[in-house]
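Chain and residue survey
Read off the chains here:
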Amino acid sequence: MKNIKYASILIAFAVCGVLLSTKLAHAYLDPGTGSAILQGLIAAIAAVGIVVKLYWHRILRLLGLKKENPPSINMKSKEDK
Amino acid sequence: MSEIIKDLHTAVKEKILKQPASFRDPSGFVFEQNGILYRQVNQVYREHYDHLINSGLYDVLIQRGLMVPHQEINNVKGLNDAYKILEPSHINFISYPYEWSFSQLKDAALLTLEIQRIALNHHMTLKDASAYNVQFFFSRPIFIDTLSFEKYQEGQPWAAYRQFCQHFLAPLSLMAQKNISLNKLLAVHIDGIPLDLTSSLLPRSTWFNVGLALHVHIHAKTQKAFSSTDHMNNDKTRRQMPVSKNGLIGILDGLQKTITKLKWKTTGTEWGEYYGVTNYSESAFQHKKNIVEKYIEIATPRNVWDLGGNVGVFSRIASNMNIPTVSFDIDPLAVEINYREVLEKKEKFLLPLLLDLTNPSPGLGWNCSERSSIFQRGPADCILALALIHHLSISNNVPFENLSDFFSKICKSLIVEFIPKDDSQIQRLLRSRKDIFVDYSQKNFEAAFMRHFNIKHAESISGSARRLYLMQKKEEISEKY
């Protein structure tokens, strides 16, 4: 029960923090408050995932789990191929 | 004189007909003048349009065949506030998401995500993600709204995220996980299927699908939580949380994976072995094909609609002659198979679509004119109605006179098959019901159709009692409509 309580407080703080550090959008389409907030939450998690993915080999080397040189990551999008 | 009055004067003087679906976005609008479709770019969109062109985004999208190309036109004025007038390439037939098969909607969804991804690489973003921004151009999905792009500001959420989920993810997940015919909900909900409705209809097991759990179920709950709280409606709380570019790309990746994984699981029927059971021989079938081909050559139509086209066997007679052909069928599986074959064979002139002829697509949306009815998208130069009349006449109790009226509204020439009552296909329809169709005869069929059409050719299919007609609509009737 205590854990759930702490988790709820943490989530509430995260949402409040995010709401206070905001940008105002000027779209002709209403993005919907709930949709925008959900995006922020998913994006925060996804951004961490992408950074981890980009630096995966470096992280492995830092942890001493991989020794050889990492293969070069092709950052170019399909359109440039 | 106010700008609105000035615009009205110019519109009348220059014979500018604004398209009824083109009114929401202040960036511009689509209009017709002297039978040609143009898109006006308003001054307010100037900065974004210039960036679309100068950043190279437009060129990339055109080179990859993802967006409809246009030409900038100088000799057409447009209305007040015009920055540019564009003439986009002509789309042969405008279709709507509630008429698409599962894979057509899925391809349109993946196209939209791909475009958003490329746009981000050019510091632009899609400001809307409506399924109506996609059309089929040479049988492939293509983005048609040139004014959907705006300059991207790092940190901004994707304004079109909710719309994308409602227009694409919701119907696709319902079609894949619940029932294939649920795409029809798109005709009821013009701005996509509401996520709370989708969430309530989807099986509980979809909560274990991370993509559907996040973008449909939790999304629906978040919408509800923030719309029902009064304090969320003030300016401060309407501000949106920052979404980093990497985070946004992550969301696009997630949506793409979720949609790619959605498969339509068919039961019973095998792909590739699907064609309506025929009760006549291979030689009769070939003879029927030959007659249809001959009639199409005589009619020389600019476009063909095949009504009840099944998997498109007869539609392909026309489309293989490079005649833009739409193959309509009520059966989602037949349309799906047809579309897959179009992709596999890289066909360019065939568009398979879903249509229930007993309840055809009506005019929908604002003023009942945002989405055109099937009649408004016609008439077709030529219609194929093969092995169809008995379904409408007997299964749906439509008298021949009503059928004749219907066809006269939607085509100029008609290739129609009449199947006599003693044919085993009709006997099968009558097996479980009383035969109340005393007027169902070849003589009455011809009499009813001759009210609106001249019979140019009539030929029996060898080895069967079936008869094929080539009919031409009478001129005086064409003036009436």
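Calculation notes
Residues numbered from 1 in each chain as written. Chains lettered and ligands numbered in written order. Predicted model: local features only at pLDDT ≥ 70, side-chain atom pairs only at ≥ 80, totals over all residues. Helix = DSSP H or I, 4+ residues; strand = E, 2+ residues; numbered from the N terminus. Buried ≥ 20, exposed ≤ 12 C-beta atoms within 10 Å, placed from the backbone. Domains from an automatic or database assignment. Contact = placed C-beta atoms within 7 Å. Nonpolar A, V, L, I, M, F, W, Y, C, P; charged D, E, K, R; others polar. Expected span 1.5 Å × (residues − 1). pLDDT = per-residue confidence, 0-100. Axes fitted to C-alpha atoms, helices over the stretch in contact; angles between N-to-C directions. Left-handed = near helix turned anticlockwise from the far one by under 90°. Pairing = 2+ DSSP bridges. Core = buried A, V, L, I, M, F, W, Y, C linked by C-beta atoms within 7 Å. Bend = angle between axes of the 7 residues up to and from the residue.

**Here's the deal with the overall build of chain A**
A count of helices and strands for chain A gives three helices and zero strands. Walking chain A from its N terminus toward its C terminus, one meets helices and strands in the order α-α-α. The burial tally for chain A puts 16% of its 81 residues in the buried class.

**Quick word on unusual backbone geometry**
Residue and element names in this part refer to chain B. Residues Gly378 and Pro379 are joined by a peptide bond in cis, for which omega reads -5°. In the Ramachandran plot, Asn34 falls in the positive-phi region, its phi being about 50° despite a non-glycine side chain. Structurally, Asn34 is set in the loop between β2 (28–33) and β3 (36–42). Looking at Asn34, the number of C-beta atoms within 10 Å reads 10, which means it is exposed.

**As for the domain arrangement of chain B**
By convention, interface size is frequently given as the accessible area that disappears when the constituent parts associate. Residue and element names in this part refer to chain B. Considered domain by domain, chain B is made up of domain 1 (3–88), domain 2 (97–261) and domain 3 (282–480). Once you take the C-alpha centre of each, domain 2 and domain 3 turn out to be 36 Å apart. Each side of the interface is counted separately: domain 2 has 13 residues, and domain 3 has 18 residues. A per-class count over the side of domain 2 that touches domain 3 returns seven nonpolar, five polar and one charged.

**Some remarks on the environment of Leu113 of chain B**
Residues and elements named next belong to chain B. Along the chain, Leu113 turns up in helix α4 (residues 102–121). A tally of 20 C-beta atoms within 10 Å means that Leu113 is categorised as buried. Along the primary structure Leu113 and Ala129 are separated by 16 residues, whereas in three dimensions their C-alpha atoms are 8.8 Å apart. Residue contacts for Leu113: discarding those within four places in its chain leaves Leu252, Leu255 and Gln256.

**A few points about helix α11 (residues 282–299) of chain B**
Residues and elements named next belong to chain B. An ideal rise of 1.5 Å per residue puts 26 Å on 18 residues; α11 measures up with 26 Å between its terminal C-alpha atoms. All of the buried residues along α11 are His287, Lys288, Ile291, Val292, Tyr295, Ile296 and Ala299. Those residues of α11 that are buried lie in contact with α12 (315–319), β13 (380–385), β14 (411–418), β15 (453–460) and β16 (467–473). Positioned one or two residues after α11, Thr300 has a phi angle of 40°, which is positive.

**A short note on the confidence of the model for chain B**
Residues and elements named next belong to chain B. Averaged over all residues, the pLDDT of chain B equals 90, while 91% of them reach at least 70. Contacts for the low-pLDDT stretch residues 477–481, under 50 throughout, to residues beyond four places or in other chains number four contacts. For this predicted complex, the interface score ipTM comes out at 0.74, alongside a pTM of 0.87.

**Points about the packing of helix α8 (residues 210–227) of chain B against helix α10 (residues 245–261) of chain B**
All names here are of chain B. For the pair α8 and α10, interaxial distance at closest approach is 9 Å and the crossing angle is 115°. For the pair α8 and α10, the crossing hand works out as left-handed. Together, Gly211, Leu212 and His215 of α8 and Gly254, Leu255, Lys257 and Thr258 of α10 make up the contact between the two elements. For the contact of α8 with α10, the class distribution of residues is two nonpolar, four polar and one charged.

**Considerations on the sheet that holds β14 of chain B**
Residue and element names in this part refer to chain B. Read from one edge to the other, the open sheet built from seven strands follows the order β12-β11-β10-β13-β14-β16-β15, with strand pairing classed as mixed. Single-partner strands in this sheet number two, and they are β12 (350–354) and β15. Sheet twist, expressed as the mean angle between neighbouring strand axes with direction ignored, is 20°. With six bridges connecting them, β14 and β16 associate as antiparallel partners. Within β16, the residue paired with Leu414 across the bridge is Met471. Along the sheet, helix α15 (residues 400–410) makes contact with β13, β14, β15 and β16, crossing β13 at roughly 145°.

**Brief notes about the sheet that holds β2 of chain B**
All names here are of chain B. Ordered in space as β1-β2-β3-β5-β4, the five strands form an open sheet in which the pairing is antiparallel. Edge positions in the sheet fall to β1 (17–18) and β4 (70–73), since each of these pairs with one other strand and no more. Note that β2 and β3 share six bridges and pair antiparallel. Of the residues in β3, the one forming a bridge with Gly28 is Val41.

**Focus on the nonpolar core**
Residues and elements named next belong to chain B. Grouped together as the largest cluster of nonpolar side chains are 134 residues, with contacts concentrated most on Leu169, Leu172, Ile383, Leu384, Ala385, Leu414 and Ile415. If you tally residues by element for this core, the top one is helix α5 (residues 161–177), at ten residues. Dropping the residues within four chain positions of it, Leu169 is found in contact with Phe164, His215, Val216, Leu255, Thr258 and Ile259.

**Side note on α8 of chain B**
All names here are of chain B. The first and last C-alpha atoms of α8 sit 24 Å apart over 18 residues, in line with the 26 Å expected at 1.5 Å per residue. Of all the bends in α8, the largest measures some 35° and sits at His219. For α8, the full list of buried residues reads Leu212, Leu214, His215, Val216, His217, His219, Ala220, Thr222, Gln223 and Phe226.

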